[in-house]
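One-letter residues, chain by chain:
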Amino acid sequence: VVASMLALAAMFQLALDPALDRRRSRILFGVLAGAAVLAKSVVGVLPFVALAAYWFAAPRSARPRLSRMVECAAVAFAVAAPWHLYQIAAHPRWFWIEFVKYQLLAVGVSEATGVTGYPLFYPRRLFAMDPALVVFTAAGVFGAVRALRMRDAVSMAGVGWGLAVAAALTVFRGRSLSYLVLLLPGLCLVAGLFL
């Protein structure tokens, strides 16, 4: 939940300043994404995936310059790197076995959680958890497509976040209902903004 909140706060900075014109926006985006990395590892990368999706989809006038995106990444690295470097130096065996081999490779690549029914795991649970949100989101998709055609920067940032999380949930093989926490705000945005 903490990582989700931090990642969404980073995306909120992008929604407030889509071109990342203000230095404050770039620093906050980087700090929040770096803190999300500290809270839940790879989750902190999702704001950058969403930022990249936004950059490709946004009109040229609303795109942040690459140098501004690199500045965000440098700030995120400055926030997250000290803990990782300390763990590598002080606890190299733990870092490799627990953090890399188990958390990233075993759970992320080989689905060590033992959860079956993997293709429909999230859609079934999402519908069981909140069918109204699923129906409203499905109805809101048509409005989202219209907003994307109009190339509205704020809408594109929100949709970019939803697509980044959905792609991550598809690629990351470990299945946990708690990962849906990342997707729920994006679905609420699509349902609320575009229905």
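What you see is a predicted model, and the numbers here were worked out from it, not measured in a lab.

The rules we used
- Per chain, the residues get numbers from 1 upward, laid out in the order the sequence is written.
- Given that the model is predicted, a residue must reach a pLDDT of at least 70 before its local features are reported, and side-chain atom pairs must reach 80 or more before they are shown or counted; all residues, however, enter totals for whole chains, interfaces and linings.
- Note that the side-chain values use all heavy atoms of the structure and ignore hydrogens as well as water.
- Under the scheme used here, helices are H or I runs from DSSP no shorter than 4 residues and strands are E runs no shorter than 2 residues, and both carry numbers assigned from the N terminus.
- Relative accessible area decides the class of each residue, using a 1.4 Å probe on protein chains only: under 20% of the type maximum gives buried, over 50% gives exposed, and in between gives partly exposed.
- Whether two residues touch is decided by their heavy atoms; if any such pair falls within 4.5 Å, the residues are in contact.
- Surface patches are defined over residues having more than 30% relative accessible area and no salt bridge, joining like charges when they lie within 9 Å and nonpolar side chains (Val, Leu, Ile, Met, Phe, Trp, Tyr) when within 5 Å.
- Accessible surface area values rest on a Shrake-Rupley calculation with a 1.4 Å probe, where residue burial reflects the displayed protein chains alone.
- The rule for a salt bridge is simple: a side-chain nitrogen of Lys or Arg has to be within 4 Å of a carboxyl oxygen of Asp or Glu.
- Along the chain, pLDDT gives the predictor's confidence residue by residue, from 0 to 100.
- We define the nonpolar core as a collection of buried residues of types Ala, Val, Leu, Ile, Met, Phe, Trp, Tyr and Cys that are connected through side-chain atoms lying within 4.5 Å of one another.
- Here a pair means two rings of Phe, Tyr or Trp (six-membered ring of Trp) with centres within 6.5 Å. Their orientation is stacked below 30 degrees between planes, edge-to-face above 60, and tilted elsewhere.

**Q** It is not clear to me how the overall build of the chain should be interpreted in this structure. Could you clarify?
**A** Scanning the chain for helices and strands turns up 9 helices and 0 strands. The linear arrangement of helices and strands in the chain, starting from the amino end, is α-α-α-α-α-α-α-α-α. For the chain, with 195 residues in total, the buried portion stands at 43%. Of the contacts formed within the chain by residues at least 6 apart in sequence, a portion of 70% connects residues at least 24 apart.

**Q** Is there a simple way to think about a nonpolar patch on the surface in this case?
**A** Among the surface-exposed residues, Phe127, Val135, Phe136 and Leu195 lie close enough to one another that they form a single nonpolar patch of about 420 Å² accessible area. Take Val135: it is sitting in helix α7 (residues 131–150).

**Q** I keep staring at the pattern of salt bridges and nothing clicks. Help me out?
**A** Pairing between side chains of opposite charge can happen when the charged atoms of each approach one another. All told, the structure shown has 3 salt bridges when counted by the stated rule. In this structure, Glu71 engages Arg23 in a salt bridge whose closest nitrogen and oxygen atoms are separated by 3.5 Å. Residue Glu71 is found in helix α4 (residues 66–90), and its partner Arg23 is found in helix α2 (residues 23–40); the two are separated by 48 residues along the sequence. Glu71 serves as the salt-bridge partner of Arg26, at 2.8 Å between the closest nitrogen and oxygen. Placement of the pair is Arg26 in helix α2 and Glu71 in helix α4, with a sequence separation of 45 residues. Taken together, the salt bridges that share partners define one network made up of Arg23, Arg26 and Glu71.

**Q** Could you clarify how one ought to interpret the confidence of the model for the chain in this entry?
**A** Do not read the predicted coordinates in detail wherever pLDDT is low. When pLDDT is averaged along the chain, the result is 82; 90% of the residues meet or exceed 70. Taking the mean pLDDT of every element in the chain, the minimum, 75, falls on helix α5 (residues 92–109) and the maximum, 95, on α4.

**Q** For this particular structure, what's the right way to read the nonpolar core?
**A** Across soluble globular proteins, nonpolar side chains show a tendency to be buried alongside one another. Counting 37 residues, the largest nonpolar core has Leu14, Phe29, Tyr54, Trp161, Val165 and Leu169 as its most contacted members. Contributions of two or more residues to this core are made by α1 (2–16), α2, α3 (46–57), α4, α6 (121–129), α8 (153–171) and α9 (180–194). A per-element tally of this core places α1 first, with 7 residues. If we ignore the near neighbours within four places in the chain, the residues touching Leu169 are Tyr122, Arg175, Tyr179, Leu180 and Leu183. Counting residues in each nonpolar core, the second largest holds 5 residues, with Ala144, Ala147, Val190 and Phe194 among its members.

**Q** In this structure, what is going on with the packing of aromatic side chains? I would like to understand it.
**A** How two aromatic rings sit relative to each other is set out by the distance from centre to centre and by the angle between their planes. Tallying each qualifying case throughout the model produces 5 aromatic pairs. The interplanar angle of 85 degrees and the centroid separation of 6.2 Å between the aromatic rings of Trp83 and Trp94 together place this pair among those described as edge-to-face. Note that Trp83 is positioned in helix α4 and Trp94 in helix α5, a separation of 11 residues in sequence. Overall, the relative accessible area of 33% leaves Trp83 in the partly exposed class. Judged by relative accessible area, Trp94 falls into the partly exposed class, the value being 38%. A connected cluster of aromatic rings, assembled from ring pairs, spans Trp83, Trp94 and Phe95.

**Q** In this structure, what is going on with the environment of Phe77? I would like to understand it.
**A** Along the chain, Phe77 falls in helix α4. With a relative accessible area of 59%, Phe77 lands in the exposed category. For the pair Phe77 and Val37, spaced 40 residues apart in sequence, the C-alpha to C-alpha distance is 9.2 Å.

**Q** I keep staring at unusual backbone geometry and nothing clicks. Help me out?
**A** Apart from glycine, the bulk of residues carry a negative phi angle, and the bulk of peptide bonds sit in the trans form. The residue Leu20 is not glycine, and still its phi comes out positive at about 50 degrees. Mapped onto the elements of the fold, Leu20 is located in the loop between α1 and α2.

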